[in-house]
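Observations on the three-dimensional arrangement
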Amino acid sequence: MARVTTPLFLLLLAALPALAEDGKPQSPKQAADAVLAAAKDAKALETLASRDTPDPWLVADELIARGEEDAAIAFARAKPRVDVEKLPDYIDAMREYDPEDKEREAYAATENALRSRALSKALVLTEDTAGTESVIGIRLLHARALALRMMRRSEDADKTFRKAADAARAMGWLARAARLYQEGGLASVDRFAWPNAIATWEVGLEVAKQRNDQEGIGRVQNNIGLAMQQMGKLDEALVRYEQALAIAEQSKLEKLAAMVLGNVGIIHELRGDFRKALETYQRAQKQMQRLGAKRNESVALSNIGAVYDSLGNFKKALGVYKRSLAIREELGDKQMIAQALGDIGSALHGLGDYAKALSTYERALEQAQALGDGKEAARTLGNLAGVYLELGDEETALAMGERALKLKEEMGDAIGAAITLGNVGLMYSSRGDMEAALDAYQRARVKLEELGREPSVAALLGNIGSTQFLMGDYEKALATLTDALARYQKMGNRGSETSTLTMIGRTLRAMGDNDAAREAFKKSERLARRLRARFMHVAVLAALADLHLAEDDTAEALRAAQRALDAMEGLLGGLGEEQGAMAREMHARLFEVGTLAAIREDDLAEALTFIESGRAGALLDALGKREEMRWKAESLSPELRQADQDAQAAERNARRRYDAAVRGGKLPERREAGKALDAASDALRNVAGRIQRELKQQAGLYYPRAETIEAIQDALADDQALVLYTLCRGEALAFRAAQRR
């Protein structure tokens, strides 16, 4: 199942909190203090005005309230994009209000309510906003719209923003009108009403042009591009982005240029041109890093990681995602942290580190749900479903997939719903309901082709081909899979190319063409080894071993099966016993092939190794298929929680050293740093395993574990022997084990 690594969109929010030098949000009061401190130094004031500050009109309010009108005007003149000629009129308008004026009181009370998130109170205070032709009336409407948006009443918020914007434009308050149109469009985005957002932003674009606000024009063009992109109009979106980028570069608006570059990269990625996408994202990230725009740098890093993830380079993706997470933790942005955790879970899933992937996804889901972030919750549910599907827990996978689909449909996210529908089809296929699976795939494919989502269409073709194979329609399956392979190769998606080659090999073998099947398996195995994609490596080695066994090449079959078993044991490390048992069930054929190959090669020790490794799958019946325990951080012992934090910190530090060695170190330094990183990663995986075990002990669940053959032999008396019987692919086998001497 494809993990969801959709690139994050760089929406240019109009009302982001400004940051002080320490990186914390800056209030109008703090900004006013800074203005007064710099008021007598024109250069210092110009420097201050060039930084991100709160809405300059709010800073002016604060200065005017202190009687510092000259400072307010000086600041406005230094601040880009402020209608200085309007400021004296604004000051006069503010003087007209008596301090006891009811509207002024309502506005002050509303501001306090919004700050304390007393949103219902804010709605009551702004209920009577008849005086929209006044500055305060417009501000009251603006505050009401903000409260509605925070309460997720997006449609009402959209209308209120638009009403306030129209009023501001009518009275010539163009700076405020531009901001209100911008925020009104974002309220439409909240409910995925892309045409509404475009209509609102088009009016905002007229205002920006009326003000000759080049940065405003660029921002609006960029946002219109985002909406068109979401509607699948990729060519039109790219035109808007290019217009925005041209304005940003001509006006030397470096931050805006970097943000638009990120969105151009998204278009390349959606078209499957991963090389161009990676180059563009990296340019954007370097610019953001140079500008000190940490939030946007973290988004660019996430997008870079998503490309590596799509290309199957999961190790590289993991490193980039962790750099993004570190920035977001530094900023303290909980929503972005939840997104970064989901990204990290995706890379861990791709690497086959299921224990860490599950725990990371669970943390991301908890945070997304606590924040009310339905989009991220749906993404994480879909990714959790993918892990459970690969572990063989089909019921849990389907339940999570359907929850994710319902969330997407409720939000009106057509693209997300189509992708999720395709993943639900994969779950139907795993349950054996092929007709339902094909129906889901075909419906999702039609929608995604309309939206120009080439990578998602290729993934669906792969799923359709696999289902046709399972239904025995090998000719159709081969044609469909070959189409998918060509698309993946064109995109440079090595991970999906690997799994598709394995499926093509299985199809060719079913059609009786063993030579062509072997070539496909060998290509897939080389790619999987190069990518360090262990799950895919296990699958193709098992398929290759099975083919060698069918051709009576037992020595090659045993070698391939041994390599697959080694890779699988590393793959399942750190999982709880029940989850490990489910995963082993999916590799039953590998254990059978390995056992038979070892017997035919007269290697009884290896035969017993395969039997003992596979025997854990039989635990399912004994365990009653109980729900596996999941990582809930609050239920861990203080010692284990600290061990987890220490292990994560050590792994982060080791990765930083490794990244630094790769960038500038010599080969011995890179090797040493690589070994340290592997050791830190292993230590983190061991802690994940301890977490699984401790949680089971807390719940009173004690599971039997298979003994090694050596332990069994040591436990036998002189006059005792253990006879082990097993059925393996239609053959009855018996082994006699006596005490070791």
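The structure under discussion appears in the preceding block.
Residues numbered from 1 in each chain as written. Predicted model: local features only at pLDDT ≥ 70, side-chain atom pairs only at ≥ 80, totals over all residues. Heavy atoms only, no water.

Now for the overall build of the protein. When helices and strands are tallied, the protein shows 36 helices and two strands. Within the protein, the proportion of its 741 residues that are buried is 55%. Of the roughly 32,900 Å² that the protein leaves accessible, carbon and sulfur atoms contribute 49%. (Helix = DSSP H or I, 4+ residues; strand = E, 2+ residues; numbered from the N terminus. Buried < 20%, exposed > 50% of the residue type's maximum accessible area, 1.4 Å probe, protein only. Areas by Shrake-Rupley, 256 points an atom, 1.4 Å probe, with all protein chains shown as cover.)

For the structure on display, the rule yields 23 salt bridges. Here Asp 483 ties to Arg 487 by a salt bridge, and the two come within 3.0 Å at their closest N and O atoms. Here Asp 483 and its partner Arg 487 are both found in helix 25 (residues 474-491), four residues apart, which amounts to about one turn of the helix. Owing to a relative accessible area of 31%, Asp 483 belongs among the partly exposed residues under this scheme. Here Asp 546 and Arg 509 are joined by a salt bridge, their closest N and O atoms 3.4 Å apart. Here Asp 546, found in helix 28 (residues 534-550), pairs with Arg 509, found in helix 26 (residues 494-510); they are 37 residues apart in sequence, far enough to count as distant. The exposure class assigned to Arg 509 is partly exposed, which follows from its relative accessible area of 25%. (Salt bridge = Lys/Arg side-chain N within 4 Å of Asp/Glu carboxyl O.)

This brings us to the packing of helix 24 (residues 454-470) against helix 25. Direction vectors running N to C along helix 24 and helix 25 enclose 155 degrees, while the axes themselves pass 8 Å from each other. When the axes of helix 24 and helix 25 are compared, the pair comes out roughly antiparallel. In this structure, helix 24 meets helix 25 at a crossing whose hand is left-handed. Between helix 24, through Glu 454, Pro 455, Val 457, Ala 458, Ala 459, Leu 461, Gly 462, Ile 464, Gly 465, Ser 466, Gln 468 and Phe 469, and helix 25, the contact on the second element is made entirely by Tyr 474, Lys 476, Ala 477, Thr 480, Leu 481, Asp 483, Ala 484, Arg 487, Tyr 488 and Met 491. Partitioned by chemical class, the residues of the contact of helix 24 with helix 25 number 13 nonpolar, five polar and four charged. (Axes fitted to C-alpha atoms, helices over the stretch in contact; angles between N-to-C directions. Parallel < 35°, antiparallel > 145°, perpendicular 65-115°, else oblique. Left-handed = near helix turned anticlockwise from the far one by under 90°. Contact = heavy atoms within 4.5 Å. Nonpolar A, V, L, I, M, F, W, Y, C, P; charged D, E, K, R; others polar.)

It is worth spelling out a positive patch on the surface at this point. Positive charge collects at one region of the surface, where Lys 522, Lys 523, Arg 526 and Arg 530 lie side by side. Among the secondary structure elements, Lys 522 is positioned in helix 27 (residues 514-531). Among the residues examined, Lys 522 registers a relative accessible area of 34% and is labelled partly exposed. (Patch = residues over 30% accessible without salt bridge, like charges linked within 9 Å, V, L, I, M, F, W, Y side chains within 5 Å. Lys, Arg positive; Asp, Glu negative; His and termini not counted. Charge placed at Lys NZ, Arg CZ, Asp CG, Glu CD.)

Below, the discussion takes up the packing of helix 22 (residues 414-430) against helix 24. Contact pair helix 22 / helix 24: the axes reach a minimum separation of 11 Å and the direction vectors enclose 20 degrees. When the axes of helix 22 and helix 24 are compared, the pair comes out roughly parallel. Crossing handedness for the pair helix 22 and helix 24: left-handed. Seen from helix 22, the contacting residues are Ile 419, Gly 422, Leu 426 and Ser 429; seen from helix 24, they are Ser 456, Leu 460, Asn 463, Thr 467 and Leu 470. For the contact of helix 22 with helix 24, a count of residues per class yields four nonpolar, five polar and no charged.

On to the side chain of His 142. As for its placement among the helices and strands, His 142 is situated in helix 8 (residues 135-150). Reaching out from His 142, the side chain makes a polar contact with the side chain of Arg 176 at a distance of 2.7 Å. Separated by 3.1 Å, the side chains of His 142 and Glu 183 make a polar contact. With near-sequence residues (within four places) excluded, His 142 lies in contact with Phe 161, Ala 164, Arg 176, Arg 179, Leu 180 and Glu 183. (Polar contact = N/O pair within 3.5 Å; in protein donor to acceptor, adjacent residues only side chain to side chain.)

A cluster of acidic residues, Asp 552, Asp 553, Glu 601 and Asp 602, forms a negative patch at the surface. Take Glu 601: it is sitting in the loop between helix 31 (588-600) and helix 32 (604-615). Relative accessible area serves as the criterion here: at 34%, Glu 601 is assigned to the partly exposed category.

Here we take up unusual backbone geometry. If you check the backbone angles, Asn 212 has positive phi at about 55 degrees while not being a glycine. Tracing the backbone through its elements, the reader meets Asn 212 in the loop between helix 11 (194-210) and helix 12 (214-230). Here Lys 252, not a glycine, exhibits a phi torsion of approximately 55 degrees, which is positive. Note on placement: Lys 252 falls in the loop between helix 13 (234-250) and helix 14 (254-270).

The analysis is restricted to geometry; functional conclusions fall outside its scope.
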